[in-house]
Structures are given as C-alpha cells and as structure tokens.
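Chain by chain, the residues run as shown.
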Amino acid sequence: MYYLDNRKHKLPHIHVKHQGDEVVVSIPDGSVLEGWIPGAKMRMVQVWIAQHESELMVDWHLSVCGERPLKIEGLKL
C-alpha cells in the first residue's frame, strides 16, 4: 500500500510487484484493477487477500489518512 493512494483507484487496493511486473488488486474482491503478474502468483495474492481482508481494510483506511499501516502475516498455505 502507498500512503494517500486513493486518487487514481478509488477502491481499496494493494500494489503487488513480482519480477518487474506490477498489478493493482482490489481488496474487497481480489479483482485486477490494473497491471499483470503471472497467474500462479496472482492466485496466491488473491488467497492472501481473502485470508486478511479485514486487516487489509484497516490498513487501507490508515494509509489513505497518511498513517502507517499495521504489519500483516504472509500467506499461510
């Protein structure tokens, strides 16, 4: 997440970078707003979002207010 990042993509979202590629993913539903990463990596991101949706929404609200987001655990398979 980037601070104050709600102008271009007004929906709550995260930015994911993988080997030079970047995708912007909606938090509520895991849909792609912009960009691309390989399919297997994208599925992992979507699982992680589903596991941590409420935490991500809290972090989204903190970030758009310019506050530091809280740490969120990595993906648990």
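Below, the structure is looked at part by part. Since this is a predicted model, take the numbers as computed values, not measurements.

### Some words on the overall build of the protein
Along the protein, the regular secondary structure elements total 2 helices and 3 strands. In the protein, the order of α-helices and β-strands from amino to carboxyl end is β-β-β-α-α. Relative to the compact-globule value of 11 Å for 77 residues, the protein shows a C-alpha radius of gyration of 12 Å, a close match. By principal-axis analysis of the C-alpha atoms, the protein measures approximately 30 × 25 × 20 Å. Residues classed as buried in the protein amount to 32% of the 77 residues present. At a minimum sequence separation of 6, the contacts of the protein that also span at least 24 residues come to 38%. Here the protein has roughly 5,200 Å² of accessible surface; of this, 56% comes from carbon and sulfur atoms. In the protein, 9 positive and 10 negative side-chain charges are present, and the distance between their average locations comes to 4 Å.

### A look at the pairing of strand β3 (residues 32-35)
Strand direction decides the pairing type here: strand β2 (residues 21-26) and β3, joined by 3 bridges, are antiparallel. Its bridge partner being in β3, V23 is matched across the sheet by G35.

### Looking at helix α1 (residues 39-51)
For the α-helix, the turn length of 3.6 residues means that residues three or four positions removed from each other point alike. The end-to-end C-alpha distance of α1, which contains 13 residues, comes to 18 Å, matching closely the 18 Å that a straight helix rising 1.5 Å per residue would cover. Residues of α1 that are buried sit in contact with β1 (13-18), β2, β3 and α2 (53-64).

### Some remarks on the nonpolar core
Core analysis: the largest hydrophobic core is formed by 13 residues, its most contacted members being I14, V25, V45 and I49. Looking at this core, the elements with two or more residues in it are β1, β2, α1 and α2. Looking at which element gives the most residues to this core, the answer is α1, with 4 residues. Setting aside chain neighbours within four positions, we find V45 in contact with I14, V16, V25 and I37.

Cut-offs and rules
Numbers given for residues are sequential positions, taken from 1 along each chain in its written order. pLDDT decides what is reported in this predicted model: residues at 70 or higher carry local features, side-chain atom pairs at 80 or more are listed and counted, and totals for whole chains, interfaces and linings draw on all residues regardless. Computation of side-chain values covers all heavy atoms of the structure but excludes hydrogens and water. A run of H or I in DSSP becomes a helix once it reaches four residues, and a run of E becomes a strand once it reaches two; helices and strands are each numbered from the N terminus. Note that the radius of gyration is over C-alpha atoms, with the globule rule given as 2.2 Å times the number of residues to the power 0.38. When accessible area is computed with a 1.4 Å probe and restricted to protein chains, residues below 20% of their type maximum are described as buried, those above 50% as exposed, and intermediate ones as partly exposed. Only heavy atoms matter for contacts: two residues are in contact if any of them lie within 4.5 Å across the pair. In short, Shrake-Rupley with a 1.4 Å probe defines the accessible areas, and a residue's cover is counted only from the protein chains shown. Under the convention used here, Asp and Glu are negative, Lys and Arg are positive, and both His and the chain ends fall outside the count. Charge placement uses NZ in Lys and CZ in Arg. For Asp and Glu, CG and CD serve respectively. A pair of strands counts as paired when DSSP detects no fewer than two bridges linking them. Here the expected length of a helix is defined as 1.5 Å per residue gap, with one fewer gap than residues. We define the nonpolar core as a collection of buried residues of types Ala, Val, Leu, Ile, Met, Phe, Trp, Tyr and Cys that are connected through side-chain atoms lying within 4.5 Å of one another.

Any functional reading would require information beyond the geometric quantities listed.
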